[in-house]
Amino acid sequence: MAVDNNFVRWRHFKDKAAKHLVGIGGLAVLVALTLIFVYLLTEVLPLFKAAHITPRTQITGTAPALFLSSEEQGEIGMRSLPDGALVFSNLHTGELRKKVQLPLGANTVSSVAEINTDQAYYAAGLSDGSVLPYKTTYTVTYPDDKRHIEPDITYPYGDKALPFMPEASRVLAVRDERGTLLMVGVDAVGAVHLKAFEVQTSLLGETHMQETGVSRFTPPLKADFLLIDPLQSWLYVADAAAGKLVLYALKGAAEPRLVDTADIGGKVLAAEFLGGGISVITADSRGKIVQWFPARREAKGPKRLTRVREFEISGGTITAITAEPHRRVFAVADDRGIVTLFHATAQSKILETQVAETPIHSLAFNPRAHTLLSQLQDGHVQVLDVENDHPEVSFSSLWGKVWYESYDEPKYLWQSSAANADFEPKFSLTPLTLGTLKGAFYAMLFAVPIAILGAIFTANFMSPAMRQIVKPTVEIMQALPTVILGFLAGLWLAPFVESNLPGVFLLLFLLPMSLPLFGYVWMRAPAKLRLMIPPGWEAALLIPSILLVTWLCFALASPIELAFFGGNMQGWMDRSFGIGYEQRNCLVVGIAMGIAVIPSIFSITEDAIFSVPKQLTLGSLALGATQWQTLMGVVLPTASPGIFSAVMIGLGRAVGETMIVLMATGNTPVTDFSLFSGMRTLSANVAVEMPESEVGSTHFRILFLAGLVLFLLTFTFNTLAEVVRQRLREKYSNI
């Protein structure tokens, strides 16, 4: 027989072309995956960029100012001098911009208290004991398209000082909250004075101050530092020599109530609020900085002063401390001219750098925290540029338990935003990762037995005619949009499961038991009856059986719940075992996501089993093995690589699922492993929060980090799956 050489050459050409195309396709997939990984990495790496402090300029001074501040752009700085002069300087050139004199009369300024950082609102304590509140204003204009900032001073309650104490206050703290101005000071003998004013505004816009309370008390310790929280609820008093911190509960100008006393451990050198005014940081003579805030030591006990975490500088004596207004970052200066940056919540030392050769007298951040003013002992002020974009990020803050402010213990928390301006974002990836694994686990727990057992029956026992109906039907389910499944799960399945929980549990137990029982009854049925059903069509008889058992389970649900659980199974679980119940929970997600995963696992498993060479099964049967023995000893081992691949593909689908989890759970990032609690997954979190995040922010980049974690998680699963599949193929290739 003659061979057509042209046909052979054409066939060889097509084989080589197909080989090269497949190779190019595989290479393209690898390149695409690499590019995705590189893109995610480029967005994540800035999170771990080191902080920098760069000297900008120096402003000449003759003596240390009582107080330093800067406007939000870091262009204009203000120094408050003892003679009442407010000196505004250009922080880029160091030149004088403006000098304003406070209306003091014959008085001098003995102390300056910060009332509100965001409003540039301060109070000057005068030598006669009175207090003058004032605000610095910065008017921005653009002449010739260039930004010009003009500083000035306003007086919220007039330019006359408010009477407070009969003598100058040694230490002063002032807060203005919701129309109440509260002042706390200390006289020469150590007595603490409190005075409150209520701000009243007339219909004509005139402001009047009405005294609403005054008190005086002598604390058990010397008051060297006074701090009032922004809501005027707590008063902190620190005794420098004794190394004590005392917490008082405030109620207007009435005498405070002593709440707790804590031992700092060394002589107190500085005390300051962290941003938000909840935590207090104290620096002592041992070089340690301690973060404190009120917390409950018992479940229903009172709040006590709690030592939350400690920090330490590497040598030297602490001379100054200041905190960023909006983040939990604080700067510490020492007598060696070294400035150290810490982040309280991340419990990390961000940066330590030498900025001067002499001791530093005081520090001050601008509102955006990209400019730091460092005042030396001789009165000179150094202007420092601070580059510290993502101080909140550390391994412990991302993956460990963190003790956040206003919580009574360390927890895993994800809460990226709130309505409160002083809110501290919480970026723990642990609850999101656990939620991802938890959702995938419950989905696979539901899907794997149904899909694999169904595939075994379809490929090995079902008649060809019935298989041609069942297999395409299940595979068509794979085309069902997951958003539809999530919609049905959230709006129909979740309420249905909640109102029929006993029936769901009965169904989970009775339905698997009823199927073998039906098979046993069918095998014991008369031969005449069994022969009426064609071989391989027995599975069709299961449909009425399944429907009957399902109806029976839900029909018995209400009587069982009434008889054994007092008519409320959810309440009984909570009372008896402390297991709470949320309507949108892991049980609902497991069912809904399991239905989405079943077609993938079923189809691949069925193909793997059906592709086992017939000579193997026929040879086994010819040697006397039963169908069950042939299935367990020949078919499943041979098909095991394909079955394992099906399971891992289903797991990958479950891990990356977004819409079902988003719509069928409470979307709560918790670390509870309960079947009846909600969850939030990495993919759902990215889908929900990415549109709301600010580009380039810490929140934005941590969402990319979550995507990178999900990418690596899926890549790891797929790699392990491929390794196991290859080993299974090698092991059973000789059957």
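Look up a bit, the structure's there.
Quick notes on the rules
Residues numbered from 1 in each chain as written. Predicted model: local features only at pLDDT ≥ 70, side-chain atom pairs only at ≥ 80, totals over all residues. Heavy atoms only, no water. Phe/Tyr/Trp six-rings, centres within 6.5 Å; stacked < 30°, edge-to-face > 60°. Helix = DSSP H or I, 4+ residues; strand = E, 2+ residues; numbered from the N terminus. Buried < 20%, exposed > 50% of the residue type's maximum accessible area, 1.4 Å probe, protein only. Lys NZ or Arg CZ within 6 Å of the ring centre and 35° of its normal. Pairing = 2+ DSSP bridges. Axes fitted to C-alpha atoms, helices over the stretch in contact; angles between N-to-C directions. Patch = residues over 30% accessible without salt bridge, like charges linked within 9 Å, V, L, I, M, F, W, Y side chains within 5 Å. Areas by Shrake-Rupley, 256 points an atom, 1.4 Å probe, with all protein chains shown as cover. Salt bridge = Lys/Arg side-chain N within 4 Å of Asp/Glu carboxyl O. Polar contact = N/O pair within 3.5 Å; in protein donor to acceptor, adjacent residues only side chain to side chain. Contact = heavy atoms within 4.5 Å. Parallel < 35°, antiparallel > 145°, perpendicular 65-115°, else oblique. Nonpolar A, V, L, I, M, F, W, Y, C, P; charged D, E, K, R; others polar. Core = buried A, V, L, I, M, F, W, Y, C linked by side-chain atoms within 4.5 Å. Expected span 1.5 Å × (residues − 1). Bend = angle between axes of the 7 residues up to and from the residue.

*Asks:* Just to check I follow, could you spell out the packing of aromatic side chains for this structure?
*Replies:* Any two aromatic rings considered together are summarised by their centre-to-centre distance and by the angle between their planes. In this structure the tally under the stated criterion is 22 aromatic pairs. Taking the centre distance of 5.5 Å and the plane angle of 25° together, the rings of tryptophan 10 and phenylalanine 13 count as stacked. Of the two residues, tryptophan 10 and phenylalanine 13 are both situated in helix α1 (residues 5-44); the distance of 3 residues between them amounts to about one turn of the helix. A relative accessible area of 49% means that tryptophan 10 is categorised as partly exposed. Its relative accessible area of 51% is what places phenylalanine 13 among the exposed residues. A centroid spacing of 5.4 Å and a plane angle of 80° characterise the contact between tryptophan 572 and phenylalanine 577, whose relative ring orientation is edge-to-face. An aromatic cluster is present here, built from Tyr39, Phe700 and Phe704 joined pairwise through their rings. Cation over ring: lysine 426 sits above tyrosine 404, and NZ or CZ is 5.3 Å from the ring centre. Over the ring of phenylalanine 610 we find lysine 614, and its NZ or CZ is 4.8 Å from the ring centre.

*Asks:* Looking at this model, I keep getting lost on the pairing of strand β5 (residues 96-101). Mind explaining?
*Replies:* Alignment of strand β4 (residues 85-90) against β5, held across 5 bridges, turns out to be antiparallel. Following the sheet pairing, leucine 86 is matched in β5 by valine 100. Counting the residues in the hairpin turn of β4 and β5 gives 5 residues, including glycine 94, whose phi is positive at 85°.

*Asks:* Where do I start with the sheet that holds strand β3 (residues 76-80) in this structure?
*Replies:* Picture the strands of a sheet paired through backbone hydrogen bonds; they go either parallel or antiparallel. What the 4 strands build is an open sheet, ordered β2-β3-β4-β5; its pairing is antiparallel. Strands at the two margins of the open sheet, each flanked by one partner only, are β2 (67-70) and β5. Across the sheet, the axes of successive neighbouring strands diverge by a mean angle of 20°, strand direction being ignored. Here β2 runs beside β3; their pairing, made up of 4 bridges, is antiparallel. The partner of leucine 68 across the bridge, within β3, is arginine 79.

*Asks:* I'm lost on a nonpolar patch on the surface in this one. Help?
*Replies:* A surface patch of nonpolar side chains, amounting to about 630 Å² of accessible area, comprises Leu27, Val29, Leu30, Val31, Leu33, Leu35 and Ile36. Position of leucine 27 among the secondary structure elements: in helix α1.

*Asks:* Explanation requested: the side chain of serine 397 in the structure shown.
*Replies:* Among the structural elements, serine 397 can be located in helix α2 (residues 395-399). The exposure class assigned to serine 397 is buried, which follows from its relative accessible area of 6%. A polar atom in the side chain of serine 397 sits 2.9 Å from the backbone nitrogen of serine 394. Leave out the neighbours within four places in its chain, and serine 397 touches Ala346, Glu392, Val402, Tyr404, Phe427 and Ser428.

*Asks:* What am I meant to see in the sheet that holds strand β26 (residues 360-365) here?
*Replies:* A sheet is described by the order of its strands in space; here 4 strands give the open sequence β1-β28-β27-β26, paired in antiparallel fashion. At either end of the open sheet lies a strand with only one pairing partner, and these are β1 (52-59) and β26. Adjacent strand axes in the sheet meet at a mean angle of 25°, parallel and antiparallel pairs treated alike. As paired elements, β26 and strand β27 (residues 371-376) share 5 bridges and run antiparallel to each other. Within β27, the residue paired with alanine 364 across the bridge is leucine 373.

*Asks:* Can you walk me through the packing of helix α6 (residues 501-523) against helix α9 (residues 569-577) in this structure?
*Replies:* Two packed helices can be described by the angle between their axes and the distance between those axes. For the pair α6 and α9, the least separation of the axes is 9 Å and the interaxial angle reads 85°. Between α6 and α9, the angle is such that the two are roughly perpendicular. Residues Leu501, Pro502 and Phe505 of α6 touch α9, and the partners they reach there are Met569, Gln570 and Met573. Residue classes in the contact of α6 with α9 are distributed as 5 nonpolar, 1 polar and no charged.

*Asks:* What am I meant to see in α9 here?
*Replies:* Every α-helix winds through 3.6 residues per turn, so residues three or four apart in the chain are directed the same way. Taken together, the buried positions of α9 are occupied by Met569, Gln570, Gly571 and Met573. Taken together, the buried residues of α9 touch α5 (482-499), α6 and α8 (542-564). Remark: glycine 578 follows α9 within two positions and exhibits a positive phi of approximately 70°.

*Asks:* Explanation requested: unusual backbone geometry in the structure shown.
*Replies:* Trans is the common state for peptide bonds, and a negative phi is the common state for residues other than glycine. Within the chain, aspartate 145 stands out as a residue other than glycine whose phi angle is a positive 60°. Along the polypeptide, aspartate 145 turns up in the loop between β8 (131-141) and β9 (148-154). In this model, glutamine 347 sits at a positive phi of 50°, which is unusual for a non-glycine residue. Secondary-structure assignment places glutamine 347 in the loop between β24 (338-343) and β25 (348-354).

*Asks:* Please clarify how the nonpolar core should be interpreted in this entry.
*Replies:* Inside soluble globular proteins, nonpolar side chains tend to come together where they are buried. Leu429, Val497, Leu501, Ile601, Ile609 and Ile702 are the most contacted members of the largest nonpolar core, which has 78 residues in total. For this core, the leading source of residues is helix α10 (residues 586-610), giving 14 residues. Leave out the neighbours within four places in its chain, and valine 497 touches Val504, Tyr581, Leu587 and Val588.

*Asks:* Whenever I open this one, helix α3 (residues 430-460) confuses me. Can you help?
*Replies:* Between its first and last C-alpha, α3 extends 43 Å over 31 residues, near the 45 Å set by a 1.5 Å rise per residue. At alanine 447, α3 shows its maximal bend, which comes to roughly 30°, and the proline proline 449 appears one to four places after that position.

*Asks:* I tried to follow the environment of valine 308 on my own but got confused; where do I start?
*Replies:* The residue valine 308 is located in strand β21 (residues 303-312) in this model. Sequence separation of valine 308 and proline 410 is 102 residues, and the distance between their C-alpha atoms is 9.5 Å. Setting aside chain neighbours within four positions, we find valine 308 in contact with Gln291, Phe293 and Trp403.

In short, geometric facts, not functional conclusions.
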